[in-house]
Amino acid sequence: MRKLTYFIACSIDGFIGDPSGDAQFFVPLVDEEFFEDFVKAEYPETVPTHGRRATGIDDLENKKFDTIIQGRSSYDLALAIDVTSPYAHMRQYVASRTLEKSPDPNVEIVSDDVVGRIRELKQEDSEFGIYLCGGSQVAGELIDEVDELVIKTYPLVLGSGMPMFGSAFALTEFTLDTVRTFKNGVLVRTYQRRR
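Residues numbered from 1 in each chain as written. Predicted model: local features only at pLDDT ≥ 70, side-chain atom pairs only at ≥ 80, totals over all residues. Heavy atoms only, no water.

K.L.:
Sorry, what's going on with the packing of aromatic side chains here?
P.N.:
Any aromatic ring pair is given by two values, namely how distant the centres are and how the planes are angled relative to each other. The tally for this structure, following the rule as stated, stands at 14 aromatic pairs. Note on Phe-25 and Phe-26: the rings are 4.8 Å apart at their centroids and 70° apart in plane angle, and the pair reads as edge-to-face. Its relative accessible area of 29% is what places Phe-25 among the partly exposed residues. Judged by its relative accessible area of 5%, Phe-26 is buried. Centroid distance Phe-26 to Tyr-154: 4.8 Å. Interplanar angle 25°. Geometry classified as stacked. Of the two residues, Phe-26 is situated in the loop between strand E2 (15–17) and helix H1 (32–42) and Tyr-154 in the loop between strand E7 (148–153) and strand E8 (162–163); the sequence distance between them amounts to 128 residues. (Phe/Tyr/Trp six-rings, centres within 6.5 Å; stacked < 30°, edge-to-face > 60°. Buried < 20%, exposed > 50% of the residue type's maximum accessible area, 1.4 Å probe, protein only. Helix = DSSP H or I, 4+ residues; strand = E, 2+ residues; numbered from the N terminus.)

As structure tokens, this is what we get:
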């Protein structure tokens, strides 16, 4: 069975963006060490296709994921810069109840039963997992399906903003797997779902 991994950047106080969801303030903290030793070496497919081209890593093979699910707000960030297929190197799904038709044949809109669709994808036979890109609402809807968390915590406190999970209160247990630290102050924690 394939894993659904929520691979996400957040502040020390657990926000993935400002109240509108913008997270551009994390970008300056992606320095050479963090990019080369972590992103490029272990998770190159999590960089959008246009970013892969700009950083010269477009030829790298996927290492962890071959499928991505993201929410409408996350997808809108790509559409705002006229990119309709932001992760062309993976199968792409966008969870949205408001986007009626996909602007790109390589992006499938999941308008209802996103949990059911993820369960179908998890049953596929593949050596690769599924990348939950965000945002908060789709992560909250899929919390019961998340098998792994990879949380990149940046040394910033926001005070308020978009939480990692937009969901009602519920205890969901994970066990700490690994912790990595980087000179720029970024901490990457990996957790496995306790089932």
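Still to come is the rest of the account.
K.L.:
Any chance you could explain helix H3 (residues 72–79) here in plain terms?
P.N.:
One full turn of an α-helix is made of 3.6 residues, so residues set three or four places apart face in the same direction. Along H3, the residues that are buried comprise Ser-74, Tyr-75 and Ala-78. One side of H3 carries all its buried residues, which in axial view fall inside an arc of 95°. Opposite the buried face of H3, at more than 90 degrees from it, the exposed residues are Ser-73 and Leu-77. On its buried face, H3 sits against strand E3 (65–71), strand E4 (91–95), strand E5 (107–110) and strand E6 (129–134). (Arc of directions from axis to C-beta. Contact = heavy atoms within 4.5 Å.)

K.L.:
I'm lost on the pattern of salt bridges in this one. Help?
P.N.:
Pairs may arise between side chains of opposite charge once their charged atoms sit close together. In total, this model carries 18 salt bridges according to the counting rule given. Note that Glu-42 and Arg-180 form a salt bridge whose closest N and O atoms lie 2.3 Å from each other. With Glu-42 in helix H1 and Arg-180 in strand E9 (residues 174–181), the pair connects residues that are 138 residues apart, well separated along the chain. The partner of Arg-117 in a salt bridge is Glu-108, and the shortest N-O contact between them spans 3.4 Å. A single network of salt bridges, built from pairs that share partners, joins Arg-119, Lys-122, Glu-145, Asp-147 and Arg-195. (Salt bridge = Lys/Arg side-chain N within 4 Å of Asp/Glu carboxyl O.)

K.L.:
Honestly, the nonpolar core in this entry has me stumped. Any pointers?
P.N.:
Proteins that are soluble and globular tend to have nonpolar side chains buried together. Formed by 25 residues in total, the largest nonpolar core has its most connected members in Leu-4, Tyr-6, Ile-69, Val-114, Leu-132 and Leu-142. Of all the secondary structure elements, the ones that give two or more residues to this core are strand E1 (4–10), E4, helix H4 (114–122), E6, helix H5 (136–141) and E7. Every residue in contact with Leu-142, bar those within four places of it in the chain, is listed here: Leu-4, Ile-69, Val-114, Val-115, Ile-118 and Leu-132. In this structure, Phe-38, Tyr-43, Tyr-131 and Val-186 belong to the second largest nonpolar core, which totals 21 residues. (Core = buried A, V, L, I, M, F, W, Y, C linked by side-chain atoms within 4.5 Å.)

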